[in-house]
Amino acid sequence: MMSNPFSDIGIARRVIGKLNKRSVFLNMFELSLVEEPKIKVASIIKFALRYLVTLTPAEGKISLYYWTGNKKALEDRNEELLDSYIEFCTNQLDVYFSAIKKRFREVGCPQSLYQVQS
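Thresholds, definitions, all that
- Residues numbered from 1 in each chain as written.
- Predicted model: local features only at pLDDT ≥ 70, side-chain atom pairs only at ≥ 80, totals over all residues.
- Heavy atoms only, no water.
- Helix = DSSP H or I, 4+ residues; strand = E, 2+ residues; numbered from the N terminus.
- Buried < 20%, exposed > 50% of the residue type's maximum accessible area, 1.4 Å probe, protein only.
- Contact = heavy atoms within 4.5 Å.
- Areas by Shrake-Rupley, 256 points an atom, 1.4 Å probe, with all protein chains shown as cover.
- Lys, Arg positive; Asp, Glu negative; His and termini not counted.
- Charge placed at Lys NZ, Arg CZ, Asp CG, Glu CD.
- Expected span 1.5 Å × (residues − 1).

Trainee: Could you give an account of the overall build of the protein, with specific residues and numbers?
Mentor: Scanning the protein from terminus to terminus reveals four helices and two strands. What you see in the protein, going N to C, is helices and strands ordered as α-β-β-α-α-α. Seen along its three principal axes, the alpha-carbon backbone of the protein occupies a region of about 45 × 35 × 25 Å. Among the 118 residues that make up the protein, the fraction classed as buried is 34%. In the protein, of all internal contacts separated by at least 6 residues, the share reaching a separation of at least 24 is 51%. Total accessible area on the protein is roughly 7900 Å²; 56% of this is exposed by carbon and sulfur atoms. Counting 17 positive and 13 negative side-chain charges, the protein places the centres of these two groups 5 Å from one another.

Take a look at the structure:
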């Protein structure tokens, strides 16, 4: 159980979990130590995703916090809005990476460049 679900890391972990159930990343992330070798999530969360999904972006930094929901209530720890924000972040990333994957296919890039090998 995460200690603060409203933290950038807590949100990032939940987004990764949801992305792991979407077609573009379906079962590609290693979410536990007992799973087959997959994409490890620690570095993704630590160095990138947490900054995209944070509720408190640093000055001049880009994040997905352009979400149009009730930001004040979310910052006041409204669980329902947190779920909505996580779904928003997941959808935005799913659309983005689906477009990249589609483009790779269109230009004839080898599948090994955009698909995890078993």
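Okay, back to it.
Trainee: How would you explain the environment of Val41 if you had to name every residue and give the values?
Mentor: Within the secondary structure, Val41 sits in the loop between β2 (39-40) and α2 (42-53). We classify Val41 as buried; its relative accessible area is 11%. Between the C-alpha atom of Val41 and that of Tyr66, which follows or precedes it by 25 residues, the distance is 24 Å. In contact with Val41, other than residues within four places in its own chain, are Ile16, Phe29, Glu30 and Leu31.

Trainee: Residue-level account of helix α1 (residues 8-19), with values.
Mentor: Between the first and last C-alpha of α1 there are 16 Å, a value that for 12 residues agrees with the 16 Å anticipated at 1.5 Å per step. Buried residues along α1 sit against β1 (29-30), α2 and α4 (79-106).

Trainee: Mind laying out unusual backbone geometry, listing which residues take part and the relevant values?
Mentor: The residue Asn27 is not glycine, and still its phi comes out positive at about 55 degrees. If you trace the backbone, Asn27 turns up in the loop between α1 and β1. On the basis of relative accessibility, which here comes to 47%, the residue Asn27 falls in the partly exposed class. Phi angles above zero are rare outside glycine, and Arg77 is one such case at about 70 degrees. Of note, Arg77 is situated in the loop between α3 (71-75) and α4. When its relative accessible area of 48% is taken as the criterion, Arg77 is described as partly exposed.

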